[in-house]
Amino acid sequence: MVNATGDIPEMETYEKLHQRGELTVRMTTAFAEDVGVRHTLSEEELADFEVARQRFQGNWVRAGIVKFFADGVIETHSAAMLEPYAVTPGMKGETLYTPEELKQDFLELG
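Everything numeric in this text was worked out from a predicted model, so none of it was measured. Each chain carries its own residue numbering, running from 1 in the direction its sequence is written. Note on the predicted model: pLDDT of at least 70 is required for a residue's local features to be given, and 80 or more for side-chain atom pairs to be given and counted; whole-chain, interface and lining totals, by contrast, use all residues. Side-chain numbers here rest on the full set of heavy atoms in the structure, without hydrogens or water.

**Looking at the nonpolar core**
Residues grouped as a nonpolar core are buried Ala, Val, Leu, Ile, Met, Phe, Trp, Tyr and Cys residues, joined through side-chain atoms within 4.5 Å. Think of it in three bands: with a 1.4 Å probe and only protein chains considered, a residue is buried below 20% of the maximum accessible area for its type, exposed above 50%, and partly exposed in between. Ile8, Met11, Phe31, Ala52, Phe56 and Val61 are the most contacted members of the largest nonpolar core, which has 17 residues in total. When contributions to this core are tallied by element, the ones reaching two or more residues are helix H1 (8–19), strand E2 (27–32), helix H2 (43–55) and strand E3 (61–67). Contacts are assigned to residue pairs that have any heavy atoms within 4.5 Å of one another. With residues up to four places along the chain from it excluded, the contact list for Phe56 reads Ile8, Met11, Glu12, Glu15, Val61, Arg62 and Ala63. Strands here are runs of E lasting at least two residues and helices are runs of H or I lasting at least four, both read from the DSSP assignment and numbered beginning at the N terminus.

Below, the structure is given as structure tokens:
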């Protein structure tokens, strides 16, 4: 199972459950940025991601995914669209990052 947003304490819980034989599904946990907020990865966040990636790389508990929110959601008409929303003429939503900013964050994580 992929947990879309999690952290190291959560992965530690999965690891303890696995050690006790109580974890019944394989868990891959993704770190996520703040929803709907333009965000630059800090040095601390990058360090936390790397610690988790190095520490949790087993078959049952694994880290190594970072989830980015590039835009909003359809329901609030904040998802970036090629054409305006039918019920809100002129509104196409917006991306939270430029392509260059996303590329830089991906390179930082590589």
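**Considerations on the packing of H1 against H2**
Lines are fitted to the C-alpha atoms to define the axes, a helix being fitted only along its stretch in contact, and any angle between axes, read from their N-to-C directions, falls within 0 to 180 degrees. Two elements in contact, H1 and H2, have axes whose closest approach is 11 Å; the angle formed by their N-to-C orientations is 10°. By the angle between their axes, H1 is roughly parallel relative to H2. Along this stretch, H1 crosses H2, giving a crossing that reads as left-handed. Across the interface between the two elements, Ile8, Met11 and Glu12 from H1 touch Asp48, Val51, Ala52 and Arg55 from H2. When its residues are assigned to classes, the contact of H1 with H2 shows four nonpolar, no polar and three charged. Should an angle fall under 35 degrees it is called roughly parallel, over 145 degrees roughly antiparallel, and 65 to 115 degrees roughly perpendicular, with every other angle called oblique. Here a crossing is called left-handed whenever its near helix is offset anticlockwise from the far helix by less than a right angle, and right-handed whenever the offset is clockwise. Following the grouping adopted for this structure description, the nonpolar residues are Ala, Val, Leu, Ile, Met, Phe, Trp, Tyr, Cys and Pro, the charged ones are Asp, Glu, Lys and Arg, and the polar ones are all others, Gly among them.

**So, unusual backbone geometry**
What you tend to see is this: most non-glycine residues have negative phi, and most peptide bonds are trans. One non-glycine residue, His77, lies in positive phi territory at about 60°. Inspection of the secondary structure assignment puts His77 in the loop between E3 and helix H3 (99–109).

**Digging into the pattern of salt bridges**
What makes a salt bridge here is a side-chain nitrogen of Lys or Arg within 4 Å of a carboxyl oxygen of Asp or Glu, nothing more. Counted by the stated rule, this structure contains three salt bridges. Note that Glu22 is salt-bridged to Arg20, the shortest N-O span being 3.1 Å. Residue Arg20 is classed as exposed on the basis of its relative accessible area, which comes to 56%. Its salt-bridge partner being Arg53, residue Glu50 comes within 2.7 Å of it at the nearest N-O pair.

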